[in-house]
Amino acid sequence: MTEDPILTATRVSKIFGGLVAVNDVTFDIPRRRIVTIIGPNGAGKTTFFNMLTGLYRASTGRIAFEGRDITRARPDRITKAGVARTFQNIRLFSTMTAVENVMVGEHARMKAGIVGSVLRTPWVRREERRVRERARELLDFVGVRKDQQEQLASNLSYGDQRRVEIARALASEPRLLLLDEPTAGMNPNESLRLTEFMIRLRDELGLTILMIEHDMKVVMGVSERITVFDHGEKIAEGDPATVRANPRVIEAYLGKQEAA
Ligand SMILES: Nc1ncnc2c1ncn2[C@@H]1O[C@H](COP(=O)(O)OP(=O)(O)O)[C@@H](O)[C@H]1O
Ligand SMILES: [Mg+2]
């Protein structure tokens, strides 16, 4: 599945002191697909995400998004280029409402600078209204109920907090969305709804999705391609049926999980 990749990583490694967290990984993400990375804890999955989004700088290798080299780009630049993400540990502003959290995500695209915000000219107030309205639309889209939208983020259920994070990521109007363990802490029903939602993101917004996920029901149900990491290396890649049948995968990951 190498047709028209939206992102390519070529021989990327990350070394922390003496620890090789990601080892010489070459990887691409086909456009408008849902691609999943799986692997045991500590396999280097989040570190790999952090390099794709500029939080960590790759020790070696090259990363390109839509043909542009982003290997050394800052996170805000990568967001502006069209890549958004959520975090394994939810990172919402707990003293802000759901709507305000999403407005932060839109801020990257707002035209008014600090001066405009302080003076609150009519134009700025209009833009703020527009941004708030758009935040509400995004929260509707991800399925956060109206009565929850003005609640403080910290008062929302875990599932809703995850949804707010996705809405905030969508607010930057990405073409590539990275989700780090999006169903963690969700019950099976919430996970199923999120799976359906990812398919809508792909089909209705034309997004490409890369996720890290542990729930095998979600992984096997929604992924068009699965890449398996173990000890920082890519050990397998393919469609769900192929990966599921791979002996190395069964040993490194699936076997362990079944035994647990
Ligand atoms: N900032 C860091 N400094 C040092 N070691 C790190 C850092 N981030 C991750 N690691 C190490 O890199 C390895 C891979 O971690 P991680 O990417 O979080 O794995 P995964 O997401 O697959 O569970 C682990 O051994 C982890 O301790
Ligand atoms: Mg992780």
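What you see is a predicted model, and the numbers here were worked out from it, not measured in a lab. (Residues numbered from 1 in each chain as written. Chains lettered and ligands numbered in written order. Predicted model: local features only at pLDDT ≥ 70, side-chain atom pairs only at ≥ 80, totals over all residues. Heavy atoms only, no water.)

Draft legend 1. Spatial organisation of the pairing of strand β2 (residues 19–30). Where strand β1 (residues 5–16) meets β2, eight bridges bridge the pair, whose relative direction is antiparallel. Residue Val12 lies in a different strand from β2, and its bridge partner there is Val25. Hairpin connection from β1 to β2: two residues lie between these consecutive antiparallel strands, with Gly17 at a positive phi of about 55°. (Pairing = 2+ DSSP bridges. Helix = DSSP H or I, 4+ residues; strand = E, 2+ residues; numbered from the N terminus.)

Draft legend 2. Representation of the nonpolar core in the model. Of all hydrophobic cores here, the largest spans 34 residues; its most connected members are Leu139, Leu170 and Leu177. Breaking this core down by element, the ones donating at least two residues are α3 (98–107), α5 (122–142), α7 (158–171), β7 (176–180), α8 (188–205), β8 (208–212) and α9 (216–222). Here this core spans two domains, since at least three of its residues come from each of domain 1 (5–82 + 174–259) and domain 2 (94–157). In contact with Leu170, not counting residues within four places along its chain, are Leu138, Phe141, Val142, Leu177, Phe197, Leu201 and Leu207. With 27 residues, the next largest nonpolar core counts Ala9, Phe27, Leu178 and Leu210 among its residues. (Core = buried A, V, L, I, M, F, W, Y, C linked by side-chain atoms within 4.5 Å. Buried < 20%, exposed > 50% of the residue type's maximum accessible area, 1.4 Å probe, protein only. Domains from an automatic or database assignment. Contact = heavy atoms within 4.5 Å.)

Draft legend 3. View of the site of ligand 1. Contacts to ligand 1 come from Phe16, Leu19, Ala21, Pro40, Asn41, Gly42, Ala43, Gly44, Lys45, Thr46, Thr47 and Tyr56. At 2.8 Å, a backbone N or O of Gly42 approaches an oxygen atom of ligand 1. Thr47 is positioned such that a nitrogen or oxygen atom in its side chain is 2.6 Å from an oxygen atom of ligand 1. Alone, ligand 1 offers 560 Å² of accessible surface; in the complex the protein occludes 63% of this. Counting residues per element, the ones that place at least two in the shell around ligand 1 are β2 and α1 (45–52). (Near = heavy atom within 4 Å. Polar contact = N/O pair within 3.5 Å; in protein donor to acceptor, adjacent residues only side chain to side chain. Areas by Shrake-Rupley, 256 points an atom, 1.4 Å probe, with all protein chains shown as cover.)

Draft legend 4. Structural detail: the sheet that holds strand β10 (residues 233–238). Read from one edge of the open sheet, six strands run β6-β7-β8-β3-β9-β10, paired in mixed fashion. This sheet does not close on itself; its edge strands, each paired only once, are β6 (83–85) and β10. Shown here is a sheet whose adjacent strand axes are inclined to one another by a mean of 20°, direction ignored. One ladder, built from five bridges, connects β7 with β8; its direction is parallel. Note on β8: the bridge partner recorded for Leu177 is Ile209. Against the sheet, α1 makes contact with β3 (34–38), β6, β7, β8 and β9 (225–230), and its axis sits at roughly 145° relative to β8, the strand it touches most. (Axes fitted to C-alpha atoms, helices over the stretch in contact; angles between N-to-C directions.)

Draft legend 5. Geometry of the domain arrangement of the protein chain. We note that the domain assignment places domain 1 (5–82 + 174–259) and domain 2 (94–157) within the protein chain. Taken over C-alpha atoms, the centre of domain 1 sits 29 Å from the centre of domain 2. Counting from both sides, the interface comprises eight residues of domain 1 and, opposite them, five residues of domain 2. Taken over both partners, the interface formed by domain 1 and domain 2 buries close to 430 Å², and the fraction arising from carbon and sulfur atoms is 65%. The largest contributions to the domain 1 side of the interface with domain 2 come from Lys80, Phe197 and Arg200, which together make up 61% of the buried area. Our count for the contact surface shared by domain 1 and domain 2 stands at zero salt bridges. Joining domain 1 to domain 2, the criterion identifies zero residue pairs in polar contact (both at pLDDT 80 or more). Ranked by residues supplied to the side of domain 1 that touches domain 2, first place goes to α8 with seven residues. (Buried area = accessible area lost by both parts, 1.4 Å probe. Salt bridge = Lys/Arg side-chain N within 4 Å of Asp/Glu carboxyl O.)

Draft legend 6. Spotlight on the packing of α7 against α8. Two elements in contact, α7 and α8, have axes separated by 11 Å at closest approach and are oriented at 15°. One way to sum up the angle between α7 and α8 is to call them roughly parallel. In the crossing of α7 with α8, the sense of the turn from one axis to the other is right-handed. In this structure, α7 uses Gly159, Arg163, Ile166 and Leu170 to contact α8, whose residues at the interface are Glu190, Arg193, Leu194, Phe197 and Leu201. Its residues assigned to classes, the contact of α7 with α8 shows five nonpolar, one polar and three charged. (Parallel < 35°, antiparallel > 145°, perpendicular 65-115°, else oblique. Left-handed = near helix turned anticlockwise from the far one by under 90°. Nonpolar A, V, L, I, M, F, W, Y, C, P; charged D, E, K, R; others polar.)

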